Amino acid sequence: MAEFAMPAATRSDQPERRLIAVGTITRRDGRTTTVRATETGVTGSITSRCPVCRRTFEDCTCTGGAR
């Protein structure tokens, strides 16, 4: 009877991974903060919203938008 030895499992190389995009959105006290990171850099914005009509302060026409 012949004995057959199985070779040890070989590890294949993992494909190269790269970051495409990652980001967060935070909403607090009528402000929305958006941050996004990509290979080319980081971008972000802060948007203030009226607590009554939820429009940006620039677009707000109600009395809740008064600063």
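Residues numbered from 1 in each chain as written. Predicted model: local features only at pLDDT ≥ 70, side-chain atom pairs only at ≥ 80, totals over all residues. Heavy atoms only, no water.

**Some details on the pairing of strand β3 (residues 41-48)**
In terms of residue burial, β3 counts as a barely covered element, since only zero of its eight residues are buried. The sheet contact formed by strand β2 (residues 31-38) and β3 spans eight bridges and is antiparallel. Residue Thr32 lies in a different strand from β3, and its bridge partner there is Thr47. Here β2 folds back onto β3 in antiparallel fashion, the turn holding two residues. (Buried < 20%, exposed > 50% of the residue type's maximum accessible area, 1.4 Å probe, protein only. Helix = DSSP H or I, 4+ residues; strand = E, 2+ residues; numbered from the N terminus. Pairing = 2+ DSSP bridges.)

**A few points about the sheet that holds β2**
What the three strands build is an open sheet, ordered β1-β2-β3; its pairing is antiparallel. Each end of this open sheet is capped by a strand with a single partner; those strands are β1 (21-28) and β3. Looking at each pair of strands side by side, their axes are set apart by 10 degrees on average, direction ignored. (Axes fitted to C-alpha atoms, helices over the stretch in contact; angles between N-to-C directions.)

**As for the environment of Thr24**
Here Thr24 is to be found in strand β1. A sequence separation of 20 residues divides Thr24 from Gly44, and the C-alpha atoms of the two residues are 9.5 Å apart. When neighbours within four sequence positions are excluded, Thr24 is seen to be in contact with Thr33, Thr34 and Val35. (Contact = heavy atoms within 4.5 Å.)

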